[in-house]
Amino acid sequence: QVQLVESGGGLVQTGDSLKLSCAFSGRTFSLYVMGWFRQAPGKEREFIARISGNGGTTTYANSVKGRFTISRDNAKNTVYLQMNSLKPEDTAVYYCAVAGTTWSTIPSAYPYWGQGTQVTVSS
């Protein structure tokens, strides 16, 4: 059974940085595309970034491109999201997720999800 545990969220000010981590267990981590999503109150879950199994390919949402960086350490079974230049509109619950075999930005293509970690950016 795949399990994902996010950590690293918190309350920060505009312009600050945070690094989220997501620990994976239950399968062979390097085989899976991993993604980060976020959901703000009253809004739909939004794709943020994805990374291929070997870490060689990444994709970002336009809203975070140039500010956020997704990475992974397959030896530690962990995926990261480095968030720089944070803005109040980045406030949301952040989720990591495991994709199946598709290279997708759609939440329904990700069958496994973590519990989420809250990121709050004050102005």
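These numbers were taken from a predicted model, which means no experiment stands behind them.

Topic: the overall build of the chain
- Across its full length, the chain carries zero helices and 11 strands.
- N-terminal to C-terminal, the α/β element order of the chain is β-β-β-β-β-β-β-β-β-β-β.
- In summary, the chain has a C-alpha radius of gyration of 13 Å against a globular reference of 14 Å for 123 residues, a match within 12%.
- Each principal axis of the C-alpha atoms in the chain carries an extent, and together these give about 40 × 30 × 25 Å.
- Here the contacts in the chain between residues at least 6 apart in sequence split such that 56% fall between residues at least 24 apart.
- A total accessible area of about 6,100 Å² is found for the chain, and carbon and sulfur atoms account for 48% of it.

Let's talk about the packing of aromatic side chains
- Under the definition given, this model contains seven aromatic pairs.
- Look at Phe 24 and Phe 29: their rings are 4.9 Å apart centre to centre, the planes differ by 50°, and that puts the pair in the tilted class. Each of the two residues, Phe 24 as well as Phe 29, counts as buried.
- Between Phe 37 and Phe 47, the aromatic rings sit 5.8 Å apart at their centres with planes inclined by 75°, giving edge-to-face as the arrangement. Of this pair, Phe 37 sits in strand β4 (residues 34-39) while Phe 47 sits in strand β5 (residues 46-51); the two residues are 10 residues apart in sequence, bridging distant segments of the chain.

Parameters and conventions
- Residues numbered from 1 in each chain as written.
- Predicted model: local features only at pLDDT ≥ 70, side-chain atom pairs only at ≥ 80, totals over all residues.
- Heavy atoms only, no water.
- Helix = DSSP H or I, 4+ residues; strand = E, 2+ residues; numbered from the N terminus.
- Rg over C-alpha atoms; globule rule 2.2 N^0.38 Å.
- Contact = heavy atoms within 4.5 Å.
- Areas by Shrake-Rupley, 256 points an atom, 1.4 Å probe, with all protein chains shown as cover.
- Phe/Tyr/Trp six-rings, centres within 6.5 Å; stacked < 30°, edge-to-face > 60°.
- Buried < 20%, exposed > 50% of the residue type's maximum accessible area, 1.4 Å probe, protein only.

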